[in-house]
Protein chains: 2
Amino acid sequence: MPVPQNLNIVPFVSVENMMDLVLATGVETFLKELAVYIEEDFRRWESFDKRPRVASHSPDGVIELMPTSDGRLYGFKYVNGHPKNTRTGRQTVTAFGVLSDVDSGYPVLLTEMTILTALRTAATSAVAAKYLAPRNARTMALIGNGAQSEFQALAFKALLGVEQLRLYDIDRAASERCARNLSPLGLQIAVCASAEEAVEGAEIITTATADKQNATILTDNMIGPGVHINAVGGDCPGKTELHRDILLRSDIFVEYPPQTRIEGEIQQLAPDHAVTELWQVISGELIGRREAQQITLFDSVGFATEDFSALRYVRDKLAASDHFEKLDLLADPDEPRDLFGMLLRRQALISAV
Amino acid sequence: MPVPQNLNIVPFVSVENMMDLVLATGVETFLKELAVYIEEDFRRWESFDKRPRVASHSPDGVIELMPTSDGRLYGFKYVNGHPKNTRTGRQTVTAFGVLSDVDSGYPVLLTEMTILTALRTAATSAVAAKYLAPRNARTMALIGNGAQSEFQALAFKALLGVEQLRLYDIDRAASERCARNLSPLGLQIAVCASAEEAVEGAEIITTATADKQNATILTDNMIGPGVHINAVGGDCPGKTELHRDILLRSDIFVEYPPQTRIEGEIQQLAPDHAVTELWQVISGELIGRREAQQITLFDSVGFATEDFSALRYVRDKLAASDHFEKLDLLADPDEPRDLFGMLLRRQALISAV
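Just so it is clear, the structure is predicted and the values come from calculations on it, not from any experiment. (Residues numbered from 1 in each chain as written. Chains lettered and ligands numbered in written order. Predicted model: local features only at pLDDT ≥ 70, side-chain atom pairs only at ≥ 80, totals over all residues. Heavy atoms only, no water.)

Draft legend 1. Structural view of the relation of the copies chain B and chain A. When chain B is fitted to chain A, the best match, at an RMSD of 0.0 Å, comes from turning it 180 degrees and sliding it 0.0 Å along the axis. Interpreted geometrically, this transformation is the action of a two-fold axis. A share of 100% of the interface residues of chain B reappears at the interface of chain A, consistent with the copies meeting face to face through the same patch. (Least-squares fit on C-alpha atoms with pLDDT ≥ 70 in both. Contact = heavy atoms within 4.5 Å.)

Draft legend 2. Geometry of the environment of B:Phe42. Residue and element names in this part refer to chain B. Topologically, Phe42 is positioned in helix α2 (residues 27-43). According to the relative accessible area criterion, Phe42 is buried, its value standing at 1%. Taking C-alpha positions, Phe42 is 21 Å from Leu154, a pair spaced 112 residues apart along the chain. (Helix = DSSP H or I, 4+ residues; strand = E, 2+ residues; numbered from the N terminus. Buried < 20%, exposed > 50% of the residue type's maximum accessible area, 1.4 Å probe, protein only.)

Draft legend 3. Structural view of the packing of aromatic side chains. All chains considered together, the criterion is met by 25 aromatic pairs over all chains. Residues A:Phe340 and B:Phe151 carry aromatic rings whose centres are separated by 5.3 Å and whose planes lie at 85 degrees to one another, so their mutual orientation is edge-to-face. With A:Phe340 in helix α11 (residues 339-352) and B:Phe151 in helix α4 (residues 149-160), the pair connects residues from two separate chains. When its relative accessible area of 0% is taken as the criterion, B:Phe151 is described as buried. (Phe/Tyr/Trp six-rings, centres within 6.5 Å; stacked < 30°, edge-to-face > 60°.)

Draft legend 4. Broad picture of unusual backbone geometry. Within the chain, A:Asn136 stands out as a residue other than glycine whose phi angle is a positive 60 degrees. Structurally, the position occupied by A:Asn136 is in the loop between α3 (114-132) and β7 (139-143).

Draft legend 5. View of the interface of chain B and chain A. Taken together, the contacts link 84 residues of chain B with 84 residues of chain A. Interface of chain B and chain A: buried area, both sides summed, is about 7,400 Å²; carbon and sulfur atoms make up 67% of it. Linking chain B to chain A there are 10 salt bridges. Of the charged contacts in the structure, one is a salt bridge between A:Asp338 and B:Arg177, with a shortest N-O distance of 3.3 Å. At the junction of chain B and chain A, the tally comes to 36 residue pairs in polar contact (both at pLDDT 80 or more). Of the residues that constitute the side of chain B that touches chain A, the class distribution is 44 nonpolar, 21 polar and 19 charged. (Buried area = accessible area lost by both parts, 1.4 Å probe. Salt bridge = Lys/Arg side-chain N within 4 Å of Asp/Glu carboxyl O. Polar contact = N/O pair within 3.5 Å; in protein donor to acceptor, adjacent residues only side chain to side chain. Nonpolar A, V, L, I, M, F, W, Y, C, P; charged D, E, K, R; others polar.)

Draft legend 6. Expanded view of the pattern of salt bridges. On inspection of all chains with the given rule, the structure shows 56 salt bridges over all chains. A salt bridge links A:Lys317 to A:Glu33; the nearest nitrogen and oxygen atoms lie 3.0 Å apart. Separated by 284 residues along the polypeptide, A:Lys317 in helix α10 (residues 304-318) and A:Glu33 in helix α2 (residues 27-43) bring together distant segments of the chain. Residue classification places A:Glu33 among the partly exposed positions, given a relative accessible area of 29%. The salt bridge involving B:Arg249 is made with B:Asp220; its shortest N-O contact spans 2.5 Å. In this pair, B:Arg249 sits in helix α7 (residues 244-249) while B:Asp220 sits in the loop between β11 (214-218) and β12 (228-231), placing the two residues 29 residues apart along the sequence. Note on B:Asp220: relative accessible area 25%, which makes it partly exposed.

Draft legend 7. Seen up close, the sheet that holds strand β4 (residues 73-81) of chain A. All names here are of chain A. Strand order in this open sheet of 7 strands is β2-β3-β4-β5-β6-β1-β17, and the pairing throughout is mixed. Strands at the two margins of the open sheet, each flanked by one partner only, are β2 (54-58) and β17 (325-328). Adjacent strand axes in the sheet meet at a mean angle of 20 degrees when their direction is disregarded. Across 7 bridges, β4 lies against strand β5 (residues 95-101) in antiparallel orientation. For Lys77, the partnering residue across the bridge sits in β5 and is Gly97. Taken strand by strand, α10 contacts β1 (9-13), β3 (61-69), β4, β5 and β6 (107-112), and its axis lies near 115 degrees from that of β4. (Pairing = 2+ DSSP bridges. Axes fitted to C-alpha atoms, helices over the stretch in contact; angles between N-to-C directions.)

Draft legend 8. Fine view of the state of the cysteines. Residue and element names in this part refer to chain A. Evaluation of the coordinates by the stated rule reveals 0 disulfides over all chains. With no disulfide of its own, Cys178 has Cys192 as its nearest cysteine by sulfur position, at a separation of 12 Å. When its relative accessible area of 3% is taken as the criterion, Cys192 is described as buried. (Disulfide = S-S within 2.5 Å.)

Draft legend 9. Inspection of the packing of α4(B) against helix α5 (residues 172-182) of chain B at higher detail. All names here are of chain B. Two elements in contact, α4 and α5, have axes whose closest approach is 10 Å; the angle formed by their N-to-C orientations is 40 degrees. By the criterion of interaxial angle, the relationship of α4 to α5 is oblique. The chirality of how α4 crosses α5 is right-handed. Packed against α4, whose contacting residues are Ser149, Glu150, Ala153 and Leu154, the element α5 presents Arg177, Cys178, Asn181 and Leu182 at the interface. In the contact of α4 with α5, the residues fall into 4 nonpolar, 2 polar and 2 charged. (Parallel < 35°, antiparallel > 145°, perpendicular 65-115°, else oblique. Left-handed = near helix turned anticlockwise from the far one by under 90°.)

Draft legend 10. Here's a closer look at the environment of B:Tyr256. All names here are of chain B. Within the secondary structure, Tyr256 sits in the loop between β14 (251-254) and α8 (257-263). The sequence separation of Tyr256 and Trp279 amounts to 23 residues, and the corresponding C-alpha distance is 9.0 Å. Setting aside its immediate chain neighbours within four residues, Tyr256 contacts Trp45, Lys50, Arg51, Pro52 and Phe303.

Draft legend 11. Fine view of the sheet that holds strand β3 (residues 61-69) of chain B. Residues and elements named next belong to chain B. If you trace the 7 strands from one edge of the open sheet to the other, you get β2-β3-β4-β5-β6-β1-β17, paired in mixed fashion. Strand pairing shows two members of the sheet lacking a second neighbour, β2 (54-58) and β17 (325-328), which therefore form its edges. Strand-to-strand twist across the sheet, computed as the mean angle between neighbouring axes with direction ignored, equals 20 degrees. Here strand β1 (residues 9-13) runs beside strand β6 (residues 107-112); their pairing, made up of 2 bridges, is parallel. From the neighbouring strand, Val13 faces β6, where its bridge partner is Thr111. Lying over the sheet, helix α10 (residues 304-318) contacts β1, β3, β4 (73-81), β5 (95-101) and β6, oriented at roughly 115 degrees with respect to β4.

Draft legend 12. Representation of the domain arrangement of chain A. All names here are of chain A. Segmentation of chain A into domains returns domain 1 (9-115 + 306-338) and domain 2 (134-302). Tallying the contact residues gives 22 residues for domain 1 and 24 residues for domain 2. Taken over both partners, the interface formed by domain 1 and domain 2 buries close to 2,000 Å², and the fraction arising from carbon and sulfur atoms is 65%. For the pair domain 1 and domain 2, the interface holds 2 salt bridges. One salt bridge in this structure joins Glu28 and Lys157, with 2.9 Å as the shortest N-O distance. Listing elements by their share of the side of domain 1 that touches domain 2, those giving two or more residues are α2, β2 and β3. The greatest single-element share of the side of domain 1 that touches domain 2, amounting to 8 residues, is contributed by α2. Split into classes, the residues belonging to the side of domain 1 that touches domain 2 amount to 8 nonpolar, 4 polar and 10 charged. (Domains from an automatic or database assignment.)

Now the structure itself:
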């Protein structure tokens, strides 16, 4: 077998290259293509090695590792969540990820995932809504207009045909920024003065707030029959967005129950409260929305397989792109067992200069 | 508070820069300085958030994530173990790691760790031997002469004053390579024809073989009284190096029992077999070697805190070094909540060119 060349090199997608890759593809096309990978992986859910994320909590936030594997590829994401970060000009959430070949254990991709996570979270929400939202929904309330908001809006536009957005944020400037960013992109936008106003006439309600606490962004009286709730912001212990009564009236769909029971809205419910796994709906085993009056709730917390799908998608995109650098990440001695000899040869090289 | 600049940048130590950093420091000095960090962190063992490594096993190997935190810094290592890799010119073990600031969740260092792991494993072995090996040991048998061997030899030379090495490997060429690499560095070396010959007169026996199976590198009759065994190679389920009878005669010291019981030599013993935690010896709570006739065994599997120490050491070294690159890893929008706006501004920039 010929020895492959440049075994030390791992392709690396920087933030700048990720932006250029997304822009060259087009944001909506990127979201649609990514959604195909996410759906594909949900459909073969049972082939994944799954576990709750590995979290390290501290007073101000959390650092998490999210690994998974389908037996051929292995992926993990590093992601932090620090709501106070914005005070020092930092992101609440930053992330990077790695995709590896299971046969050799060698990484095949290292990429920024702050932008990619925003895209995959939005694409996953839209994939879930395809199966759960009322048919032909055209109006979405979007409550919490932070870093995730435009991506959610564009994913629902691209995948479901949402045309009208009703924005609300406790910080009106955030809603105005979101409206300004999205207006040129073909969405009709209303900036609302309250969450109550935002949900008026909305068939889909997306919540994407960021406080690390139990909040009540939606109260029970705000939720009419037939609505689909896409709850994105409640995603760690002690951080929820919906009043418990809403959960009791909803059919609840989750990614991976052992993780969602810890992190999702359903941490407010009994540990055996019935939920449906999203993959069973996507694979056709179970039905998502059965009737027009039903309230459906996607209790999204983000799962490792979605990052895996995103890593897989980016890896495939790089095959026809130059939006990456080559990173000298892996020691590659001429003779594999001679790691120390590599140092000696480097020394000889330096001495010779 | 002034907003820090270049929040997108994470210092990155490539393989080449790691080699240059090690060479500029000197291998033995590097090992000694690193050992100080390792000892320091073992001494404050109780301040660490500890868990067994997060392993993903496949037929030919394993991919692992090893996170830990002391509440101020968070570190993790990605490491694979694939014994068959050498057939395709790849390393059995490759690794990279990240150190992060717990307060913000932002990474402060990304580094290759293939070379660094070899160094930290060797430094940890030597730290353990400082407390466990017979006083004034000068001769070490080194069985298994793969990528780890020279690092072990130099760590024991630098930290314990070992002068004589007795090498054995089933592949004699490996022993000869090891001898060739080490001879100029001030060690007296004998290449031996068998493990039995290698252990003759050795006060310390280091085993560092790589087969993923239960092997018997050392049998009971080879181990005389007073010896210190440094068992490095047995480090995953189904992979051991020592005959069980040796374990029954030894006082066994381990890093983190919940992990060692799964991965170490002691997987051959009852789950409640008495072992001593190395940190208790290093912190002075318990005594390591009590008497000359005692057989001590360091059942080393490698633990996350050692990688943490290594990451911390490298981060500190970089303060007075230019052996790193600046990686554009983290999205850093001008306004933290405006991640999408960053894409829009990038688009405007590209369009203007």
